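Here is what each chain is made of, one letter per residue.
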Amino acid sequence: GAVVSQHPSWVICKSGTSVKIECRSLDFQATTMFWYRQFPKQSLMLMATSNEGSKATYEQGVEKDKFLINHASLTLSTLTVTSAHPEDSSFYICSASQDPGTGELFFGEGSRLTVL
Amino acid sequence: SQQGEEDPQALSIQEGENATMNCSYKTSINNLQWYRQNSGRGLVHLILIRSNEREKHSGRLRVTLDTSKKSSSLLITASRAADTASYFCATVSGSARQLTFGSGTQLTVLP
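Residues numbered from 1 in each chain as written. Chains lettered and ligands numbered in written order. Predicted model: local features only at pLDDT ≥ 70, side-chain atom pairs only at ≥ 80, totals over all residues. Heavy atoms only, no water.

Q: Just to check I follow, could you spell out the overall build of chain B for this structure?
A: In terms of helices and strands, chain B carries 0 helices and 11 strands. Tracing chain B from N to C terminus, the helices and strands come up as β-β-β-β-β-β-β-β-β-β-β. Whereas a compact globule of 111 residues would reach a radius of gyration of roughly 13 Å, chain B reaches 13 Å, a difference of no more than 12%. Along the longest, intermediate and shortest principal axes, the C-alpha atoms of chain B span 45 × 30 × 20 Å. Within chain B, buried positions represent 44% of all 111 residues. (Helix = DSSP H or I, 4+ residues; strand = E, 2+ residues; numbered from the N terminus. Rg over C-alpha atoms; globule rule 2.2 N^0.38 Å. Buried < 20%, exposed > 50% of the residue type's maximum accessible area, 1.4 Å probe, protein only.)

Q: Looking at this model, I keep getting lost on the sheet that holds strand E7 (residues 67–73) of chain A. Mind explaining?
A: Strand pairing in a sheet relies on backbone hydrogen bonds. The paired strands run either parallel or antiparallel. Residue and element names in this part refer to chain A. Across the sheet, 4 strands lie side by side as E1-E3-E8-E7; this open sheet has antiparallel pairing. Bordering the open sheet on either side are strand E1 (4–7) and E7, each of which pairs with just one other strand. Averaged over all adjacent pairs, the angle separating strand axes in this sheet is 15°, with direction ignored. Sheet topology places strand E3 (residues 19–25) next to strand E8 (residues 76–81); 6 bridges connect them, and they run antiparallel. Looking at the pairing, arginine 24 lines up with leucine 76 of E8. (Pairing = 2+ DSSP bridges. Axes fitted to C-alpha atoms, helices over the stretch in contact; angles between N-to-C directions.)

Q: Mind showing me how you'd approach the interface of chain B and chain A here?
A: Bring the parts together and some accessible area is lost; that lost area is often taken as the interface size. Taken together, the contacts link 21 residues of chain B with 24 residues of chain A. Overall, the association of chain B and chain A removes approximately 1,700 Å² of surface from exposure, summing both partners, and the carbon and sulfur fraction of that is 53%. At the surface where chain B touches chain A, the tally comes to 1 salt bridge. Of the charged contacts, one joins Glu109(A) and Arg41(B) as a salt bridge, the two residues approaching to 2.5 Å between their closest N and O atoms. Taken together, the links from chain B to chain A amount to 6 residue pairs in polar contact (both at pLDDT 80 or more). Where the side of chain B that touches chain A is concerned, the elements lending two or more residues are strand E4 (31–37), strand E5 (43–50) and strand E9 (85–92) of chain B. Partitioned by chemical class, the residues of the side of chain B that touches chain A number 7 nonpolar, 11 polar and 3 charged. (Contact = heavy atoms within 4.5 Å. Buried area = accessible area lost by both parts, 1.4 Å probe. Salt bridge = Lys/Arg side-chain N within 4 Å of Asp/Glu carboxyl O. Polar contact = N/O pair within 3.5 Å; in protein donor to acceptor, adjacent residues only side chain to side chain. Nonpolar A, V, L, I, M, F, W, Y, C, P; charged D, E, K, R; others polar.)

Q: What's the story with the sheet that holds strand E6 (residues 55–58) of chain B in this structure? I'm lost.
A: Residues and elements named next belong to chain B. Here we have 5 strands laid out as an open sheet, ordered E1-E3-E8-E7-E6, and antiparallel in their pairing. Single-partner strands in this sheet number two, and they are strand E1 (5–7) and E6. Across the sheet, the mean angle separating the axes of adjacent strands is 15° when strand polarity is ignored. As judged from the 4 bridges shared by E6 and strand E7 (residues 61–66), these two strands associate in the antiparallel manner. Paired with serine 58 across the two strands is leucine 61, which belongs to E7.

That's the geometry; what it means functionally is another story.
Structure (structure tokens):
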């Protein structure tokens, strides 16, 4: 299947700093990528839909100024958590679709963010 | 927001037994998908069933879909310890391409 790579897989930062997470589709082009957030022992909650060359679409309750998304190419989307605080500590997962018609998504391995 | 609920929330069985997980959803769907997630890892796509399909098989996996009841089940036959993971159903509705996930079932297969 298609491969989606996320980096870094884990990051620890101090409160107030910004952290960037990358999501790459390695062997296919993805016009759309999705960013999810997952708290321990909970399900995935969609944060935003990242569209190549245009602004991301954020879900209700997700602060766009807090979670900056850039989808500058067909293989790369980035999520920047700005001025991170301990409550932003979570598991962030991206996904991309190789064929939008099928609805099947391929997921990255996730990035665990810990804000001290 | 979550589309629906899965039950049970947690399931513990012996190796070799079958495991059945259920998923309910709220709105009309285009398709329903099942994913597996090992602890602290990303998700792995298991199987997709379209709204006009009622049953689908893939190896030891059997998925059913009942659109009248807005429910689906995932059966894992002859379970193995390596099947231990969280299992999520996810739906695609309307023109949306994003997945909406259920609450998940934590499966533990004891050796």
